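# Descriptive analysis of the structure
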Amino acid sequence: MKKFFAAKLTAALLSGLIVCSASAALTADAAAPLGTPQITGLQITEDGILMKWNPVAGAKGYRLYYKNSAGEWRRFKDTAQTSYTDGGVTVGRTETYTIRTLDADGNPNSDYNPGGWSVVYKPLAPSVRSLRNTNEGIELSWNRIKGVGKYRVFFRNSAGNWSGLGNTTSTSFTDTKVQSGRSETYTVRGISDSGDFITPYNTTGWTTVYLGTPKITSARSVGDGVKISWNPVKGAYGYRVFYKNGKGGWSGMANVTSPSYVDKEVNSGSTYTYTVRCIDKNGSFTSGYDTTGVKGTYIAVPKITGLSSTENGVKISWSASKGAYGYRVFYKNSKGSWSGLANVTSTSFTDSDVKSGRSYTYTVRCIDRNGNFISDYDANGKSVTYTAAPDFTLKSKLGGVSIRWNKIDGAEKYRIFYLNKNGSWVKLADTENCSYLDKDVRNGGSYTYTVRCISADGKQYTSPFITAGKKIKYINPETGFTDKEKQAAAVAKEIISNIPADATDEEKIQYAASAAAHYSSQATYTSEGTDYATPYGVFVKGEYTCAGSTRALGLLLDYLGYDWKHANEGLWTHQWCIVYVNGEKAWADGQIGMCGYGEYPFAELRD
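Residues numbered from 1 in each chain as written. Predicted model: local features only at pLDDT ≥ 70, side-chain atom pairs only at ≥ 80, totals over all residues. Heavy atoms only, no water.

## Notes on the overall build of the protein
In terms of regular secondary structure, the protein is built from five helices and 43 strands. Whereas a compact globule of 607 residues would reach a radius of gyration of roughly 25 Å, the protein reaches 50 Å, over 25% beyond that. Along the first, second and third principal axes, the C-alpha set of the protein runs to 160 × 60 × 55 Å. Expressed as a percentage of the 607 residues in the protein, the buried residues total 45%. Taking as baseline every contact in the protein between residues at least 6 positions apart, the subset at least 24 positions apart corresponds to 58%. Just so you have it, the protein exposes about 30400 Å², and 47% of that area is on carbon and sulfur atoms. (Helix = DSSP H or I, 4+ residues; strand = E, 2+ residues; numbered from the N terminus. Rg over C-alpha atoms; globule rule 2.2 N^0.38 Å. Buried < 20%, exposed > 50% of the residue type's maximum accessible area, 1.4 Å probe, protein only. Contact = heavy atoms within 4.5 Å. Areas by Shrake-Rupley, 256 points an atom, 1.4 Å probe, with all protein chains shown as cover.)

This is the structure:
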């Protein structure tokens, strides 16, 4: 039924013009100065019948009329455009239209076509606008067709034929009988209230692949965050992971192709909510999602911050994890698996069942008040070798007080202390070597030392120490040196002053051997006179034998604080220095400028 202007039109033909009574809706102006508009097209669209007409010069607007069931013209629209869609149509009914021009005051000022233009309204086939995967299934949406109040949805069955799914008065429908990864094809057709078809349909249909909603199977605390895992969805290219933000909405975190993701932007003790949705290779959504989401609480893995040897055993210390009630401490047993030591609520524990020289590996895991695990753990654990206090010797050397000890298995570094005048231990130096030369001493002075093992970063003690320390009165061997010995000593001290302070034992000894060999190569080999077998001969006078090269190297080793022996001393054969480094036997040759561990390797020289 038309919604515009129900005034009845009564027209009469006078002198070739149409005139109307006072109640008529369509009349002809006596002057009719403008040309009669001509409808150029009547097109059926999804919104009704689209009318188009030619513009008329001078027209300020147009008035549209339709012919009712009594054959009378009814006015229903004024417009300034040259097209209009009539949405008040009825399926199968013939619609007839005509048109007049209007002046600026809205009065008709043209003639009209009394016969009008007609078309039968046959609605178009519905067009599916979207196929969307949801939690319930595939949701179809299509355009509403004017004059159609009901639709039937079809799917293509396995035989390739169309089968009805259901009827609806809306423009959407959800097919719940779908399987993830399977392709489905649909079409839609308009029907009457009695179920008769009143529109055609798209014979090809619209096809999509249904992807089920990813179901999160776990959101658990792991080493570096919350690991979200879900069931893989057949046919899915990838997934977008979301978390619920502070405003209660979903925020995307990442696109992944695997069925798991670790959220690392988390804080220990906090709970987070997650959901997952399928995407295609362009990042567009291809499935629904769980609107509620799944919660996961992150509890940070306790990090062992210290393993130290104490007089009571190995002390294990770790960082506190916010949200944890307590901790379970484990050690790695002889079979390589973890065995529980104790449950504690503090952040340290001392394992007293240990033996010096043995290595132990520990890890820690958070628990709730019932003893259930609520965090991951360091699967590798942290290891330490339990060590007793290092024993050491003190000797007066040319360069100062030599402090030496045997290498301790498991020790990464050592810290040397001296006892100050207030009776407190003061750090002297850290070293990876098994010796240290305290040069800041005076002849006749008394000094007390102790040594303790430490971690590589120097932040943790890994052994106890001799609390009383050991004392020495320093007697400088230079006292009583002859003039020649003093000259050789001056050269030796100049040489070792160029050795970097952080050099290793091996680097120091190699530097000394190279220096002795360099001076020997610049000297004259001779066995005549009184200086060829002395450091003075090599460093100052410029003459040498292998005995002189060996003693020159020995002088350098003395100033570096190393104990050495003269190999083959007094024999008419090749000679070198036997040195003990970090508890191991080594050799150094001042004539060829080489050194190494073990026995002297050059048989042709040794013999």
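This is not the end of the story, as more comes after the structure.
## Regarding the pairing of strand β3 (residues 39-45)
Direction of pairing for β3 relative to strand β4 (residues 48-53): antiparallel, over a ladder of six bridges. Bridge pairing in β4 links I44 to I49. Between the end of β3 and the start of β4, which pair antiparallel, lie two residues. (Pairing = 2+ DSSP bridges.)

## What to know about the sheet that holds strand β34 (residues 425-431)
Across a sheet, strands are paired by hydrogen bonds formed along the backbone, either parallel or antiparallel in direction. Read across the open sheet, the four strands follow the order β34-β33-β36-β37; overall the sheet is antiparallel. Each having just a single partner strand, β34 and β37 (470-473) make up the two edges of the open sheet. With strand direction ignored, the average angle separating the axes of adjacent strands in the sheet is 30°. Looking at chain direction, strand β33 (residues 413-419) and strand β36 (residues 446-454) are connected through six bridges and run antiparallel. Residue pairing for β36: Y418 is matched across the bridge by Y449. (Axes fitted to C-alpha atoms, helices over the stretch in contact; angles between N-to-C directions.)

## Re the environment of A342
Here A342 lies in strand β27 (residues 338-344). Residue A342 is classed as buried on the basis of its relative accessible area, which comes to 19%. Beyond its immediate sequence surroundings of up to four residues, A342 is in contact with Y327, R328, V329 and F349.

## Examining the pattern of salt bridges
Oppositely charged side chains can form a pair if their charged atoms are brought close together. Considering all chains together, one arrives at 20 salt bridges under this definition. The salt bridge involving D78 is made with R63; its shortest N-O contact spans 2.8 Å. With D78 in strand β6 (residues 73-79) and R63 in strand β5 (residues 61-67), this pair connects stretches of sequence that are 15 residues apart. Between D430 and K427 there is a salt bridge, with the nearest N and O atoms lying 3.3 Å from each other. In this structure K427 comes out as partly exposed when scored by relative accessible area, which is 46%. (Salt bridge = Lys/Arg side-chain N within 4 Å of Asp/Glu carboxyl O.)

## Brief notes about helix α4 (residues 546-560)
Here α4 is 15 residues long and its end C-alpha atoms lie 21 Å apart, about the 21 Å a rise of 1.5 Å per residue gives. Here α4 lies mainly inside the structure; 14 of its 15 residues are buried. Once α4 ends, the next one or two residues include G561, with phi positive near 90°. (Expected span 1.5 Å × (residues − 1).)

## Concerning the nonpolar core
Grouped together as the largest cluster of nonpolar side chains are 33 residues, with contacts concentrated most on F539, L553, L556, Y559 and V579. Within the residue set of this core, elements represented by two or more residues are α1 (483-496), α2 (505-522), α3 (535-541), α4, β41 (576-581) and β42 (584-589). With seven residues, the top contributor of residues to this core is α4. Dropping the residues within four chain positions of it, V579 is found in contact with I509, L557, Y562, D563, W564, E584, K585, A586 and A588. In terms of nonpolar packing, the next biggest core, distinct from the first, is built from 30 residues, I39, Y66, F173 and W206 among them. (Core = buried A, V, L, I, M, F, W, Y, C linked by side-chain atoms within 4.5 Å.)

## Looking at the environment of G92
Following the sequence through the fold, G92 ends up in the loop between β7 (83-86) and β8 (94-102). Separated by 334 residues in the primary sequence, G92 and V426 have C-alpha atoms spaced 107 Å apart. Apart from residues lying up to four places away in sequence, G92 is in contact with V120 and Y121.

## What to know about the packing of α2 against α4
Their axes nearest at 9 Å, the elements α2 and α4 cross at an angle of 145°. Crossing of α2 over α4 shows right-handed handedness. For the pair α2 and α4, the contacting residues are K508, I509, A512, A513, A515, A516 and S520 in the first and S549, L553, L556, L557 and L560 in the second. (Left-handed = near helix turned anticlockwise from the far one by under 90°.)

## Notes on unusual backbone geometry
In this structure, N568 is a non-glycine residue whose phi angle is positive, near 60°. Tracing the sequence through the fold places N568 in the loop between β40 (564-567) and β41.

## Describing the packing of α1 against α4
In contact at an axis separation of 9 Å, α1 and α4 are set at 60° when each is read in the N-to-C sense. Judged by the sense of rotation from one axis to the other, the crossing of α1 with α4 is right-handed. Listed contacts from α4 to A488, A489, A492, K493, I495 and I496 of α1 are L555, L556, Y559 and L560. Its residues assigned to classes, the contact of α1 with α4 comprises nine nonpolar, no polar and one charged. (Nonpolar A, V, L, I, M, F, W, Y, C, P; charged D, E, K, R; others polar.)

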